[in-house]
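Architecture at a glance
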Amino acid sequence: MRKLIYGMNLTLDGYVAAAGDDIGWSGPPSEALFRWWLDHERASGLSLYGRKLWETMSAYWPTADQQPETTPAEAEFARAWRDTPKVVFSSTLHEVGGNARLVTGDAVAEIARLKAADGSPLSIGGATLAGAALRAGLIDEYVIAAHPVLVGGGTPFFTALEGWVRLDLVETRTFPGGVVLSRYATRR
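Residues numbered from 1 in each chain as written. Predicted model: local features only at pLDDT ≥ 70, side-chain atom pairs only at ≥ 80, totals over all residues. Heavy atoms only, no water.

What follows covers the overall build of the protein. On a plain count of helices and strands, the protein comes out with five helices and ten strands. Each principal axis of the C-alpha atoms in the protein carries an extent, and together these give about 40 × 35 × 30 Å. Residues counted as buried form 46% of the 188 residues belonging to the protein. Intrachain contacts of the protein at a sequence separation of at least 6 include 70% that bridge at least 24 residues. Accessible surface, the protein: about 9600 Å² in total, of which carbon and sulfur atoms supply 54%. Distance between charge centroids for the protein: 5 Å, based on 18 positive and 21 negative side chains. (Helix = DSSP H or I, 4+ residues; strand = E, 2+ residues; numbered from the N terminus. Buried < 20%, exposed > 50% of the residue type's maximum accessible area, 1.4 Å probe, protein only. Contact = heavy atoms within 4.5 Å. Areas by Shrake-Rupley, 256 points an atom, 1.4 Å probe, with all protein chains shown as cover. Lys, Arg positive; Asp, Glu negative; His and termini not counted. Charge placed at Lys NZ, Arg CZ, Asp CG, Glu CD.)

Quick look at the structure:
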């Protein structure tokens, strides 16, 4: 069975995007944090995306390494992102490009099917999609890169739950700019 990992940058008050889907608060990440996310991308055997995050990522990363202002680390991330197979879950999109396939049906059933296979870990991104996987008890690990900013509202990292989910701390690291990255494993 594959491990399912939900990880994103978020504000200290728990939002992945401020009101209006604004992610400007995350600024450019430090080189060290960016490299951590690059390693995370490389370790993933398959990335699962909700529509909003897919649209954000696919608008930039397919050609980011061809832009003159791109750093070497960003170019590496662009190549890793393109190489990683992706599944995009959406009921409104009609097609996705690149190394991705579209799923328009039952996201939880498809995630459970993908997770049941052998292979490298799965990463999931997008608060709505991850919220469905969380409520279904499918997420094995959470990666939280908490930025020292409060935005007061927007898209929360965690969805409302019917019961508690107990976690064990696996790792904590501090990055320049006061970003604290924590990894938690779901206690089974």
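With that settled, the discussion passes to the pattern of salt bridges. Here the idea is simple: oppositely charged side chains can pair when their charged atoms come close. For the structure on display, the rule yields 15 salt bridges. Lys3 serves as the salt-bridge partner of Glu141, at 3.4 Å between the closest nitrogen and oxygen. Of the two residues, Glu141 sits in strand E7 (residues 141–147) while Lys3 sits in the segment before strand E1 (4–11), which places them 138 residues apart along the sequence. Since its relative accessible area comes to 5%, Glu141 is described here as buried. Notably, a salt bridge pairs Glu110 with Arg113, separated by 2.8 Å at the nearest N-O pair. Residue Glu110 and its partner Arg113 are located together in helix H4 (residues 107–116), separated by three residues, close to a single helical turn. Each of Glu31, Arg35, Asp39, Arg42 and Glu76 takes part in one network of salt bridges that share partners. (Salt bridge = Lys/Arg side-chain N within 4 Å of Asp/Glu carboxyl O.)

With that out of the way, let us pick up the environment of Gly178. With respect to the helices and strands, the residue Gly178 is situated in the loop between strand E9 (167–175) and strand E10 (179–186). Classification of Gly178 by relative accessible area gives partly exposed; the value is 38%. Counting along the chain gives 31 residues from Gly178 to His147, while the straight-line C-alpha distance between them is 6.7 Å. Apart from the residues within four sequence positions on either side, Gly178 is in contact with Ala146 and Pro148.

Let us look at the packing of aromatic side chains. Aromatic ring pairs are reported here in terms of the distance separating the ring centres and the angle at which the planes meet. Per the stated rule, a full pass over the model turns up twelve aromatic pairs. With centroids separated by 5.7 Å and ring planes inclined at 50 degrees, the aromatic side chains of Tyr142 and Phe158 adopt a geometry described as tilted. Of the two residues, Tyr142 sits in strand E7 while Phe158 sits in the loop between strand E8 (154–156) and E9, which places them 16 residues apart along the sequence. Assessed through its relative accessible area of 2%, Tyr142 is described here as buried. For Phe158, a relative accessible area of 37% translates into the label partly exposed. Of the aromatic side chains, those joined through ring pairs into one cluster are Tyr6, Tyr142, Phe157 and Phe158. The ring centre of Trp81 lies 4.4 Å from the NZ or CZ of Lys86, which sits over that ring. (Phe/Tyr/Trp six-rings, centres within 6.5 Å; stacked < 30°, edge-to-face > 60°. Lys NZ or Arg CZ within 6 Å of the ring centre and 35° of its normal.)

The next subject is the layout of surface pockets. Over the atoms a probe the size of a water molecule is rolled, and this reveals where empty space is left. Considered as a void within the structure, the largest pocket measures approximately 1400 Å³ in volume. Taken together, 49 residues line the largest pocket, and the ones lying closest to its centre are Met8, Ile23, Leu53, Thr56 and Met57. Residues that form the lining of the largest pocket fall into these classes: 25 nonpolar, 19 polar and five charged. (1 Å grid on protein atoms, 1.4 Å probe; cavity = no way out; pocket = protein on both sides within 12 Å on 5 of 7 lines; lining within 4 Å. Points joined across faces, edges and corners; volume = space filled by probe spheres on them. Nonpolar A, V, L, I, M, F, W, Y, C, P; charged D, E, K, R; others polar.)

Here the focus is H4. Since the α-helix packs 3.6 residues into each turn, any two residues three or four apart lie on the same face. Three or more residues of H4 are buried, namely Ala107, Glu110, Ile111, Leu114 and Lys115. All buried residues of H4 fall inside an arc of 135 degrees around its axis, so they share one side. Where H4 is buried, its residues contact E1, strand E3 (46–50), strand E4 (86–89), strand E5 (100–103), strand E6 (122–125) and helix H5 (127–135). If you check the start of H4, you find a side-chain oxygen 3.1 Å away from the backbone N of Val108, and it comes from Asp106. (Arc of directions from axis to C-beta. Polar contact = N/O pair within 3.5 Å; in protein donor to acceptor, adjacent residues only side chain to side chain.)

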